[in-house]
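What follows is the residue order along each chain.
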Amino acid sequence: MTAIADQPAKTTSRSWRKLRSNKSALVGVTLVTFFVALALLAPVLPIADPIGTDWGAIRKPPTAAAWMGTDEIGRDVLSRMIWGARASLLAGVVSVLIAVAIGVPFGLISGYFGGWTDSIISRITDALLAMPFLIMAIALAAFLGPSLTNAMIAIGLSAVPIFIRLTRGQVLAVKTEDYVEGARAIGLGHVPIMTRYILPNVFPPILVQATLTIATAIIAEASLSFLGLGQQPPAPSWGSMLNTAKNFLSQAPWMAIWPGAGIFLVVIGFNLMGDGLRDALDPREH
């Protein structure tokens, strides 16, 4: 019994050591940590007002006073970048939480019960997966109305089929294991079996997929904001900053360079971290 109880701790320790030895994963964790820290500390950092205008400093290049320059109405680009990180990261995390909260239970039910329940959920999922993710998000955001909250809901709902399909596949592989059959044999009900025995064993792939989907959701939020369906001006968002910057690429290229670099770095950070988690949590590597 002691050996069995120690097994999860040993597995976690091996996974952590493998993650720490993965240099690309550490780069991803560092990038994500950096942007998360900026977003959380934005209210207390000594930076300019992100929506404060200065008509005497319109489209000024980077200087000691404005490290990333100013935009078309004199707002500090650095301040808007930091506050824009809050919108992008919030959209990524909340959207994925919505997708996981809806998709995982449906995937569990579909894979565990099978039969007509599985058929109905799978056919609906297949129909939703036939529509491109970003097109569905744009359609839902347009229907709900332009705002960051509606953009997060639209992105989250668009990502639900991904988690239904993933969870269903993992449950189909796990539900025939001996420990699940043993739980049935001692008379446990369906809900305890799904929550105590199946869900913990299908959670690692879901965690990896959630990390990778955050990157996709950040790109989707930037796309929606670029189209005017996400964060609304004057509130800062990397996507809306790019939308404005496209009109001043020759006069003020820094207006586009910084938000574009921010999106690139945070997305590659989540992707590298997700790849590292996938390698660390792969049971075939233990």
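See the structure printed just above.
Anyway, here's the lowdown on the structure attached to this text. Predicted model, so just to flag it, every value in this text is computed and none were measured. (Residues numbered from 1 in each chain as written. Predicted model: local features only at pLDDT ≥ 70, side-chain atom pairs only at ≥ 80, totals over all residues. Heavy atoms only, no water.)

This next bit is on the overall build of the protein. Counting its secondary structure elements, the protein contains 10 helices and zero strands. Going residue by residue from the N terminus, the α and β elements of the protein occur as α-α-α-α-α-α-α-α-α-α. Overall size of the protein, expressed as C-alpha extent along the three principal axes, is 75 × 45 × 30 Å. In the protein, buried positions account for 42% of the 286 residues. Across the protein, every contact between residues at least 6 apart in sequence was considered, and the portion connecting residues at least 24 apart equals 71%. Counting only carbon and sulfur atoms, one obtains 69% of the accessible surface of the protein, whose full area is about 14,400 Å². Computing the positive centroid from 20 side-chain charges and the negative centroid from 16, the protein places the two 2 Å apart. (Helix = DSSP H or I, 4+ residues; strand = E, 2+ residues; numbered from the N terminus. Buried < 20%, exposed > 50% of the residue type's maximum accessible area, 1.4 Å probe, protein only. Contact = heavy atoms within 4.5 Å. Areas by Shrake-Rupley, 256 points an atom, 1.4 Å probe, with all protein chains shown as cover. Lys, Arg positive; Asp, Glu negative; His and termini not counted. Charge placed at Lys NZ, Arg CZ, Asp CG, Glu CD.)

Attention now moves to the side chain of Arg75. Topologically, Arg75 is positioned in the loop between helix 2 (23-41) and helix 3 (77-113). For Arg75, the residues in contact, after removing those within four places along its chain, are Pro50, Ile51, Gly52, Thr53, Gly69, Thr70, Arg80 and Pro234.

Moving on to the nonpolar core. Membership of the largest hydrophobic core comes to 52 residues, with the highest contact counts inside it found for Leu89, Ile155, Ile198, Ile218, Trp238, Val266 and Phe270. Of all the elements in the fold, those that place two or more residues in this core are helix 2, helix 3, helix 5 (133-144), helix 6 (148-174), helix 7 (178-185), helix 8 (190-226), helix 9 (238-245) and helix 10 (254-281). The greatest single-element share of this core, amounting to 13 residues, is contributed by helix 8. (Core = buried A, V, L, I, M, F, W, Y, C linked by side-chain atoms within 4.5 Å.)

Looking now at the pattern of salt bridges. Tallied over the full model, the rule gives eight salt bridges. A salt bridge links Glu72 to Arg75; its shortest N-O distance comes to 3.3 Å. In terms of burial, Glu72 and Arg75 fall into one category: buried. Each of the salt bridges in this network shares a partner with another, and the network as a whole consists of Asp71, Glu72, Arg75 and Arg80. (Salt bridge = Lys/Arg side-chain N within 4 Å of Asp/Glu carboxyl O.)

Further remarks concern unusual backbone geometry. For the bond from Pro233 to Pro234, the omega torsion is 5°, close enough to zero to count as cis. In this structure, Pro234 sits in the loop between helix 8 and helix 9. Even without being glycine, Arg59 reaches a positive phi, approximately 50°. For Arg59, the location among the structural elements is in the loop between helix 2 and helix 3. In this structure Arg59 comes out as partly exposed when scored by relative accessible area, which is 31%.

The tally for this structure, following the rule as stated, stands at three aromatic pairs. Taking the centre distance of 5.9 Å and the plane angle of 75° together, the rings of Phe35 and Trp238 count as edge-to-face. Of the two residues, Phe35 sits in helix 2 while Trp238 sits in helix 9, which places them 203 residues apart along the sequence. Overall, Phe35 belongs to the buried group, its relative accessible area being 7%. Ring plane angle 90° and centroid distance 5.0 Å describe the contact between Tyr112 and Phe113, whose orientation is recorded as edge-to-face. Residue Tyr112 is classed as buried on the basis of its relative accessible area, which comes to 7%. (Phe/Tyr/Trp six-rings, centres within 6.5 Å; stacked < 30°, edge-to-face > 60°.)

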